[in-house]
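Breakdown of the fold
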Amino acid sequence: MEILHYLPLHTLFETFSIAVAALVFAIGWNSYTQQTTPALLALSTGFLGVALLDFGHLLSYAGMPDFVTPSGPEKAIVFWLAARFLAAISLLAAAVLSWKPQPSQAPRYLLIVAVLLATAAVYGVTLWFPEILPRTFIPGQGLTPIKLYAEYTLVALYGGAALAFHWRRRRPSTLDVPRLIVAAVAIVMSELCFTLYFSVYDLSNAAGHVYKVIGYWFLYRAIFVTSVHHPYDALNQSQWELWAEKERMRVTLLSIGDGLIATDTDGRVTLMNRAAERLTGWTMAEALGKPVSDVFTIENAETGRAVAVPVEQVLRDGEIVGLANHTILVSRDGARSHIADTAAPIRDRSGALHGVVLIFQDVTETYNSREALKENLSLTTGVLESAACGVIATGLDGVVRVFNREAEQITGYSAGEMLEQPSSALLRLHDAEELRAQAERVSRALQRPIKPDFELFVAAAQDSGLPEQREWTCVRKDGARRTVSLVVSVLRDSGGVIRGYLGIMLDVTEKKLAERQIENLAYYDPLTNLPNRRLLLESLSQALQTARRAGRHGALLFLDLDHFKNLNDARGHTAGDALLRELAQRLRGVLRKEEMVSRLSGDEFVILLPDLGADQTAAASIARQVADKLRLAVALPFRLDQQDYSLFASVGLTVFPKTSDETVDDILIQADSAMYAAKDGGRNGVREFDPQMRAEAESRLRLEQDLRKAVEGDEFTLFLQPQTTADGALVAAEALVRWNHPTRGLVAPGGFIAVAENSGLILPLGDWILTEACRILRRLEDAGSPCHLSVNISPRQFRQTTFCATVLAILNQTRANPRRLTLEITEGIAIDDVHDTVAKMRELSACGVSFSLDDFGTGYSSLSYLKQLPVSEIKIDRSFIQDVDGNSHNAALVDIILSIADRLGLRTVAEGVETAEDRDFLKERGCAIFQGYYFSRPIPVDAFFRAYAPPALPENVQPRVEADALS
């Protein structure tokens, strides 16, 4: 349906739209720049192009005069679609861009240039190159598909803008979002109408323009509210808030306790509060407009001379000014008050000076109290100067008021350098790190933050009101450090008000040094400076208690050097001490800070690992790892006197607690037992405590105690085992020691000799065996037997420096013939110290005593040593004799030993012959003397004498009797 005379109505609609679009641009572009958001800028700048394109649409509408080229529907639709797309893009940009103010101006101009260029491009193509554009309207047929698709696209864009505005409506914004949503929806309706007309004059076209006008109107209102109405509302709100702030400020200034006077730039009073009225004697009504110097009269308290009001200086220099101390305000009625004041400039936002504010406070009471304190301090200075301790007094502000002679002696600073100095002067007397550490400790104690400054010294005394004592490190002026005891207390006036602080300082450096020396002697080993047994026991006790309470486990390690005595004997105790000191450093380097290594005695070290976790098995594993590290640290070469020495260590460990009643002594015994087990296992190893070790240790202890009683109670006896020819004719007899135990009966040597060797009881036992053997030798000689007697000597016995003298003394005492005595030594004795061994053997050989090398073949079997030693006999060990006829290796070794003995001219004795086959094998290979169960078991001495009369000995075979201390 076409509308008659639609062209004037269309012209009215478009003129309105162009005007609104222009207003949108004008208002948005010229709004307050610091409040312009990117969204508003995009919307307003885009609508400049919309206004220009709508103007082209108006001039090109059908029925309008020619606009450069003939007007018509196609030309008008191009301008229309371009304007609509630009409007849609602008609205969509406003919906998605930031709604926060954008201070930068650069995007404004770039955006408007872009819009104008785009608009010019549309005009150029539409007016001069219309043939490149697709058809949008065909008379008589209506809109083309291209036109419809374009309109539906516009509907989507406007709808998207409306949805975006709706989605962001709750965000803070200076935009009028509801009106923008209504505008977008109205334009959507407009575009839908433009998809329905068949003639540019029909009703659908008119409805589309109506909706467009409605949309533009809401858009204009939104921009107007955003750019004009909101700023005016904000201005009114700011003016109201400014008035309220001024009122609050006025009330505050009038009610504060300090006096306040404000002046203009001419120095005339513009404001006074009640405190200023009270102190000056002027009311505000009287003082208003008067020069401030008439109202505020001040003078110097010490000289009585007038002092210039600081307002004049502030007006001249523009800086804050404070009055000097000892200033008196003279009021209108002549009353005088000590004051402290400050004058500051009043500036506007641009920094221009508008006046001065003068704030002053009545400090008369404080001043009088301070003067009284100074007077009291001066009265006591004479007493303080004669005190035997350092005395330092300060005011509440920390300024030093008293610094006596003893304080000068302690700190190295003179009173002239300290008096009237601020609190920072006291801080230089202390170590900065110590101040920080003490501040943290005091903060925790007082449950409030304490700074490492003057507050640190007085905080505790302030809070409790009681003297507070603490030790400090005093850093003297010359840099030396002294330990001082400082007692800080508060100084109060007669009313109980704190007026200052008093510090009493004593130099306790020598006292602390003496205490440390005493403690060091009591708790530390003087050689290695490691904790000693006392400190170890205390630490172990504490660790045991802590582990029980916390359900944790620790470990104790016993470390003992292997053969350390050899180094002491060879290089002397000085070298041994140097090694122990270096070892102490190594062990400390392996352990963590919380772990302890102590020196128990000699070359024994004990390591405490207090916390290894809650699992006992894991704790034992960690302890073993630490033990291995310690053992490897010991094994590293030591450099002593330009030579390298290598030592090894045996380590025993035990984990605690294992039971609820386990004691410190139990743990020490367990670790010690494990260490000895490591030594018994070959040394240079680690062993963990096993309960069986405790039982074995207790058994060894009982055995040692019984053995000691046996030595003292003469519970030992000798048995003799014959040594014969292959035919059984007696050649000699071996005396074997037996222990006649009160409850266990006869005990063979294997049951007690090792304990005797380790405990040292082998020395008296060995002397007894040698004595008894010599007595038997004497009896044999008296009976007419020419037998020799051999006695087996233990390594410890042989190494005694008095060994030779002891043997000769026993021979002399028993009147035994030394030429019939043969002493047996092992290969280990022979090569342990060859020079000492050869010297002793030669000394006794010169007296007629013979030597036999026992257990030959089980040790070093060194021919060079065998050649050096003055021995006359070797004994083949029983381990080679057993199964000699069936074991080719044993047979070969026996052949070699017999061959060596024959070539060196030595007698050979075969031990452990138990079968006829053994005897025959040895006999065939030239062995002359046999000993073993095949011939006879060991028998008592009296039985031996009864069974064996002095035999008729074969030619070239000399009879002898052998007494073995260790067999």
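Residues numbered from 1 in each chain as written. Predicted model: local features only at pLDDT ≥ 70, side-chain atom pairs only at ≥ 80, totals over all residues. Heavy atoms only, no water.

Looking at an unreviewed UniProt entry, the chain carries the name EAL domain-containing protein, with the source organism given as Azospirillum cavernae.

This part takes up the overall build of the chain. Regarding its fold elements, the chain presents 35 helices and 33 strands. The buried share of the chain, taken over its 967 residues, is 47%. Long-range contacts, defined here as pairs at least 24 residues apart, represent 64% of the contacts in the chain between residues at least 6 apart. Total accessible area computed for the chain in this model is approximately 47600 Å², and 55% of it derives from carbon and sulfur atoms. (Helix = DSSP H or I, 4+ residues; strand = E, 2+ residues; numbered from the N terminus. Buried < 20%, exposed > 50% of the residue type's maximum accessible area, 1.4 Å probe, protein only. Contact = heavy atoms within 4.5 Å. Areas by Shrake-Rupley, 256 points an atom, 1.4 Å probe, with all protein chains shown as cover.)

Once that is clear, we can look at helix α5 (residues 145-167). In this model α5 runs 32 Å from its N-terminal to its C-terminal C-alpha over 23 residues, within 8% of the 33 Å that 1.5 Å per residue would give. Along α5, the positions that sit buried rather than exposed are Lys147, Ala150, Glu151, Leu154, Val155, Tyr158, Ala161, Ala162, Ala164 and Phe165. (Expected span 1.5 Å × (residues − 1).)

All right, on to the pattern of salt bridges then. Taken as a whole, this structure holds 42 salt bridges when the rule is applied. A salt bridge links Asp836 to Lys840; its shortest N-O distance comes to 3.4 Å. One end of the pair is Asp836 and the other is Lys840, both in helix α30 (residues 834-845) and 4 residues apart, which spans about a single turn. Counted as one network, the salt bridges with shared partners bring together Asp560, Asp562, Lys679 and Arg683. (Salt bridge = Lys/Arg side-chain N within 4 Å of Asp/Glu carboxyl O.)

Next up on the list: the side chain of Asp918. When you line up the elements, Asp918 lands in helix α34 (residues 916-924). Buried charged residue Asp918 carries no salt bridge. Nearest counter-charge: Arg919, at 9.7 Å. Setting aside residues up to four positions removed in sequence, Asp918 forms contacts with Ile881, Asp883, Val884, Asp885, Gly912 and Val913. (Lys, Arg positive; Asp, Glu negative; His and termini not counted.)

Strand order across the open sheet formed by 5 strands is β17-β18-β16-β21-β22, with mixed pairing between neighbours. Both edges of this open sheet fall to β17 (596-601) and β22 (686-688), since each of them pairs with a single strand only. For this sheet the average axis-to-axis angle between neighbouring strands, irrespective of direction, equals 20°. Most of the contacts of helix α19 (residues 533-550) go to β17, to which it runs at about 135°, and overall it touches β16 (554-562), β17, β18 (604-609) and β21 (648-656). (Pairing = 2+ DSSP bridges. Axes fitted to C-alpha atoms, helices over the stretch in contact; angles between N-to-C directions.)

This part takes up the side chain of Thr814. In this structure, Thr814 sits in helix α28 (residues 803-814). For Thr814, a relative accessible area of 9% puts it in the buried group. Here Ile810 takes part through its backbone oxygen, which lies 2.9 Å from a polar atom of the side chain of Thr814. (Polar contact = N/O pair within 3.5 Å; in protein donor to acceptor, adjacent residues only side chain to side chain.)

Before going further, it helps to spend a moment on the pairing of strand β11 (residues 390-395). Across the 6 residues of β11, 6 count as buried, placing the element largely inside the fold. Burial along β11 is two-sided: Gly390, Ile392 and Thr394 facing one way and Val391, Ala393 and Gly395 facing the other are all buried. Here 6 bridges tie β11 to strand β15 (residues 498-507), and the two strands are oriented antiparallel to one another. When the bridges of β15 are listed, Gly395 appears paired with Gly500. Direction of pairing for β11 relative to strand β12 (residues 400-403): antiparallel, over a ladder of 3 bridges. Each residue of the ladder has a partner; that of Thr394, found in β12, is Val400. Between β11 and β12, which follow one another and run antiparallel, lie 4 residues, and Gly398 among them has a positive phi close to 90°.

Here we come to a nonpolar patch on the surface. Together, Ile146, Tyr149, Tyr152, Val185, Met189, Leu192, Val210, Tyr211 and Ile214 line one region of the surface with nonpolar side chains, adding up to about 780 Å² of accessible area. For the nonpolar patch, the elements supplying multiple residues, two or more each, are α5, α6 (177-193) and α7 (203-255). You can call Leu192 partly exposed: its relative accessible area is 32%. (Patch = residues over 30% accessible without salt bridge, like charges linked within 9 Å, V, L, I, M, F, W, Y side chains within 5 Å.)

Another point: unusual backbone geometry. Here the bond from Phe656 into Pro657 is cis, since omega is -10°, no more than 30 degrees from zero. On the secondary structure map, Pro657 appears in the loop between β21 and α23 (664-680). Unusually for a residue other than glycine, His563 sits at a positive phi of about 60°. Look at Asp714: it is not a glycine, yet its phi comes out positive at around 55°. Looking at the secondary structure, you find Asp714 in the loop between α24 (691-713) and β23 (716-724).

Here we take up the packing of aromatic side chains. As enumerated under the stated definition, the model contains 13 aromatic pairs in all. When the ring of Trp739 is compared with that of Phe752, the centres are 5.6 Å apart and the planes differ by 80°; the resulting orientation is edge-to-face. Taken together, the residues Trp739 in strand β24 (residues 730-741) and Phe752 in the loop between β25 (745-747) and α25 (753-759) connect sequence positions 13 residues apart. Just as Trp739 is buried, Phe752 falls in that class too. By way of ring pairs, the aromatic residues Phe716, Trp739, Phe752 and Trp768 are connected into one cluster. Its guanidinium or amino end placed over the ring of Trp282, Arg332 lies 4.0 Å from that ring's centre, counting from NZ or CZ. (Phe/Tyr/Trp six-rings, centres within 6.5 Å; stacked < 30°, edge-to-face > 60°. Lys NZ or Arg CZ within 6 Å of the ring centre and 35° of its normal.)

In spatial order, the strands read β12-β11-β15-β14-β13; together these 5 strands make up an open sheet with antiparallel pairing. Each having just a single partner strand, β12 and β13 (468-475) make up the two edges of the open sheet. Across the sheet, the axes of successive neighbouring strands diverge by a mean angle of 25°, strand direction being ignored. With 9 bridges joining them, strand β14 (residues 481-492) and β15 adopt antiparallel strand pairing. Across the sheet, Leu491 pairs through a bridge with Gly500, a residue of β15.

The end-to-end C-alpha distance of helix α21 (residues 573-590) is 26 Å, a good match for the 26 Å that 18 residues give at a rise of 1.5 Å each. Of the residues making up α21, those classed as buried are Ala575, Gly576, Leu579, Leu580, Leu583, Ala584, Arg586 and Leu587. Next to the buried residues of α21 lie β16, α20 (564-571), β17, β18, α22 (616-635) and β19 (638-640).

Detailed reading of the predicted model is not advised wherever pLDDT is low. When pLDDT is averaged across the chain, the result is 82; 89% of the residues are at 70 or more. Across the chain, the element-wise mean pLDDT spans from 50 in strand β33 (residues 960-964) up to 95 in β18. (pLDDT = per-residue confidence, 0-100.)

Looking now at the pairing of strand β5 (residues 297-300). Two elements, β5 and strand β8 (residues 327-330), share 4 bridges in a ladder whose sense is antiparallel. Paired with Glu299 across the two strands is Ile328, which belongs to β8. As judged from the 2 bridges shared by β5 and strand β6 (residues 306-307), these two strands associate in the antiparallel manner. Across the sheet, the residue bridging to Ile298 is Val307, located in β6. Linking β5 to β6, which pair antiparallel, is a turn of 5 residues; within it Gly304 sits at a positive phi near 80°.

Another point: the packing of helix α26 (residues 762-782) against α28. Contact geometry of α26 with α28 gives a least axis separation of 9 Å together with a crossing angle of 40°. Judged by the sense of rotation from one axis to the other, the crossing of α26 with α28 is right-handed. Within the contact between the two elements, α26 uses Asp767, Leu770, Thr771, Cys774, Arg775 and Arg778 and α28 uses Thr806, Val807, Ile810, Leu811, Gln813 and Thr814. When grouped by side-chain class, the residues that make up the contact of α26 with α28 number 5 nonpolar, 4 polar and 3 charged. (Left-handed = near helix turned anticlockwise from the far one by under 90°. Nonpolar A, V, L, I, M, F, W, Y, C, P; charged D, E, K, R; others polar.)

The subject of this paragraph is the environment of Arg878. Among the structural elements, Arg878 can be located in helix α32 (residues 878-881). Arg878 sits in the partly exposed class, given a relative accessible area of 38%. Along the chain, Arg878 and Gly912 lie 34 residues apart, while their C-alpha atoms are 4.5 Å from each other. Those residues in contact with Arg878, other than ones at most four positions away along the chain, are Glu911 and Gly912.

Under the defined criterion, the tally for this structure stands at 0 disulfides. As a non-bridged cysteine, Cys847 has Cys804 as the owner of its nearest cysteine sulfur, 8.4 Å distant. (Disulfide = S-S within 2.5 Å.)

Before going further, it helps to spend a moment on the nonpolar core. Buried together is how nonpolar side chains tend to be arranged in soluble globular proteins. Counting 76 residues, the largest nonpolar core has Phe752, Leu821, Leu823, Val894 and Leu922 as its most contacted members. Apart from residues lying up to four places away in sequence, Val894 is in contact with Ile876, Phe880, Ile881, Val884, Phe921 and Leu922. The next biggest cluster of nonpolar side chains, apart from the first, holds 52 residues, and it includes Ala51, Leu53, Ala87 and Ala95. (Core = buried A, V, L, I, M, F, W, Y, C linked by side-chain atoms within 4.5 Å.)

Here α28 crosses α30 at 20°, and the two axes come no closer than 10 Å. The angle between α28 and α30 falls in the class roughly parallel. Between α28 and α30 the crossing geometry is right-handed. Between α28 and α30, the residues in contact are Phe803, Cys804, Val807 and Leu808 and Lys840, Glu843 and Leu844, respectively. (Parallel < 35°, antiparallel > 145°, perpendicular 65-115°, else oblique.)

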